[in-house]
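What follows is each chain in one-letter form.
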Amino acid sequence: MVVPQPVKSVSPHPMIEMRHVHKWFGEFHVLRDINLTVNQGQKVVVCGPSGSGKSTMIRCINRLEEHQDGQIFVDGIELTNDVKNIEAIRREVGMVFQQFNLFPHLTVLENLTLAPIWVRKVPKKEAEETAMYFLERVHIPEQAHKYPGQLSGGQQQRVAIARSLCMRPKIMLFDEPTSALDPEMIKEVLDVMIELAQDGMTMIVVTHEMGFARTVADSIVFMDRGEIVESAPPQEFFAHPKTDRARLFLSQILGH
Amino acid sequence: MSDTQSHYTSPTFAGPKAGQPGRSFADIPPVKWARANLFNSWLNTALTLLLIYFIVKYAIDLVSWGLINAVWEVPGNDTRACRDIRGIGACWALINEKFRFIMFATYPYEEHWRPALVIVIFLALYVVSAMRRFWNRKLIAIWLLGLVAIGVLMWGGVFGLRYVGQERWGGLPITLILSTFGIAIAFPLSILLALGRRSDMPAIRVMCVTYIELIRGVPLVSLLFMASVMFPLFLPEGVTVDKLLRAQVAIIMFAAAYLAEVVRGGLQAIPKGQYEAADALGLSYWQKTVFIILPQALRLVIPPLVNTFIGLFKDTSLVLIIGIFDLLNAAKTSVNEPAWRGFGVEAYIFVAIFYFVFCFGMSKYSQDLEVELSRHRKR
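The rules behind these values
Residues numbered from 1 in each chain as written. Chains lettered and ligands numbered in written order. Predicted model: local features only at pLDDT ≥ 70, side-chain atom pairs only at ≥ 80, totals over all residues. Heavy atoms only, no water. Helix = DSSP H or I, 4+ residues; strand = E, 2+ residues; numbered from the N terminus. Buried < 20%, exposed > 50% of the residue type's maximum accessible area, 1.4 Å probe, protein only. Expected span 1.5 Å × (residues − 1). Bend = angle between axes of the 7 residues up to and from the residue. Salt bridge = Lys/Arg side-chain N within 4 Å of Asp/Glu carboxyl O. Pairing = 2+ DSSP bridges. Contact = heavy atoms within 4.5 Å. Axes fitted to C-alpha atoms, helices over the stretch in contact; angles between N-to-C directions.

Trainee: I would appreciate a short explanation of unusual backbone geometry in the present structure.
Mentor: Trans peptide bonds make up the majority, and among non-glycine residues the majority have a negative phi. All names here are of chain A. Even without being glycine, aspartate 33 reaches a positive phi, approximately 50°. For aspartate 33, the position within the fold is in strand S2 (residues 28–39). Taking the relative accessible area as the measure of exposure, aspartate 33 reaches 38% and is therefore partly exposed. Unusually for a residue other than glycine, aspartate 75 sits at a positive phi of about 50°.

Trainee: Please clarify how helix H7 (residues 172–197) of chain B should be interpreted in this entry.
Mentor: Owing to its 3.6 residues per turn, the α-helix aligns residues three or four sequence positions apart on the same side. Residue and element names in this part refer to chain B. The end-to-end C-alpha distance of H7, which contains 26 residues, comes to 36 Å, matching closely the 38 Å that a straight helix rising 1.5 Å per residue would cover. Of all the bends in H7, the greatest reaches close to 25° and is centred on alanine 186; the proline proline 188 follows between one and four positions later. Counting buried positions along H7 gives 20 out of 26 residues, so the element sits mostly inside the fold.

Trainee: Help me understand the pattern of salt bridges in this model?
Mentor: For side chains bearing opposite charge, pairing can occur when the charged atoms are close. Residue and element names in this part refer to chain A. Summed over the entire model, instances satisfying the criterion amount to 26 salt bridges over all chains. Between lysine 187 and aspartate 191 there is a salt bridge, with its nearest N and O atoms 2.9 Å apart. Taken as a pair, lysine 187 and aspartate 191 lie in helix H6 (residues 183–198) at a separation of 4 residues, close to a single helical turn. Its relative accessible area of 56% is what places lysine 187 among the exposed residues.

Trainee: I would appreciate a short explanation of the sheet that holds strand S4 (residues 69–74) of chain A in the present structure.
Mentor: Sheets are built from strands that pair by backbone hydrogen bonding, the pairs being arranged parallel or antiparallel. All names here are of chain A. The 4 strands are arranged S2-S1-S4-S5 in an open sheet whose pairing can be described as antiparallel. Looking along the sheet, the strands with just one partner apiece sit at the ends: S2 and strand S5 (77–78). Summarising the sheet, strand S1 (residues 14–25) and S2 pair through 8 bridges and their orientation is antiparallel. The residue bridging phenylalanine 25 from the neighbouring strand is phenylalanine 28, located in S2. This element, helix H1 (residues 54–61), spans S1, S2 and S4 of the sheet and lies at about 120° to S1.

Trainee: Can you help me understand the sheet that holds strand S8 (residues 202–206) of chain A in this one?
Mentor: All names here are of chain A. Across the sheet, 6 strands lie side by side as S6-S7-S8-S3-S9-S10; this open sheet has mixed pairing. Every other strand in the sheet has two partners, leaving strand S6 (93–96) and strand S10 (227–232) as the edge strands with one partner each. Pairs of neighbouring strands in the sheet enclose a mean axial angle of 20°, with direction left out of account. Here S6 pairs with strand S7 (residues 171–175) via 4 bridges, running parallel.

Given below as structure tokens:
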């Protein structure tokens, strides 16, 4: 049961369900009939050439982008223009960005506690304890009182992961989390993500790190030109890609 | 000239910064510095000597006019001593004589302690507001308290204080009232206008754009005229709004439009990722704006903000055209009396010192604040 389910076979508890989702940027049809189901605890790696709509797709899941047609359900709640639904969904969905997007004017600890205190209404002391717990999980508790600008890229990205986790999300979205990092820092971030995956977090990861995909993913979703072209478990996808487009992509990314 | 200094600058510093004439004296002995920068060629030596001559000459003139030959006191309003030395010595006796008028204008003489105390309250409010440890809810309470105290002192009519109508207020308190409340109210208003101009809601956006462009498009003088002359025409018979209040509103409206564009500049400088990160964490619009966007946007625009504040402080002197006796108008009026006519320079120098002290204070404080608030950028 690791393959993203076709819509018709309704799984017991889908965390994310996208049904016939379309999106346009002006005239440009960025997402074409996206159908994707992600069950609890499932790890999905999304790959594909740049401009294929991977980022746009996961950004639709927490409404950073608005879809124009079709339906998206997150933990049973439908994403509509209703602000209440959007806020409810955003509380359950954590997101890690390519550019970290930490708040530079706040210390690491303040970055981690702001949303729990104001959105989740957690008491400050408890929020700080949670923050320290997650900083330890990402192996940088000693940086708690520094500002983001004082940390390396890899450390910043780990803080960003911890910041999302402090909201106790049910789902984590990763939008090319290692693409802006120097090569020597990629591993420290991937290690944290692997640990998170082993803990059973539901994850959707847009990445070009195929090693990570092999280790962690339950299924690989290959996108091209706004469509989901293929989705398969990693062994199958890497060994026997079904489409020419996937074969071409894999040869470009793996075959040097 | 900088290319001629290489004989003392080490050749490794051959870049454009190599021989900045202003390099600190600590590095180079003064004599050597002067020789290298001021007397390194015929032309430079001549220019240096010429400038020294003028500087010394005018410094001597200024000191002898302002201090040595100055008249400090004229008994019994007899200004003949002053007239005798006109052009040779300053008549500081004017300030001596008219000090209270310039400071408080037509406020009843025996009640002058009240506006004097108001000035002290204003200064105390500035000092408290400048200290970061008061940057919390307490500050609002302190300001409200200050506001009440200022109102009670200026108007009176309670606690056995004699009632003094607004038409008799004047001098420095007026300047401080107009500029302080001008800034204090216009600034939050400008933030709302700037946010509104970037709003997703078309109605709000159009309203804010219209307001900003309309108000910014007319001179403050014309707004003051409208507030003073036209506005009362629209009021029903018998209803009057005080002239000072009308001027205050005009100043607030004007300043808000200007400040809004400064704030908007700061908002535009914030990367999209900051908005997205805040959204993704589930922060509401106002939480995002208050905790994430504004703290970053406002500290980016401290220099232009303070620039506008300083401009506004001095612009309050325009109220003289609608007959309000602010500090500058009081100084101007103080030399109207025949005995003192012609001593405007002394009066203007005196008030210029006040304007300078307040404006320089703002400027200096903002520089410190910038350093303080940009700690997070230090590695």
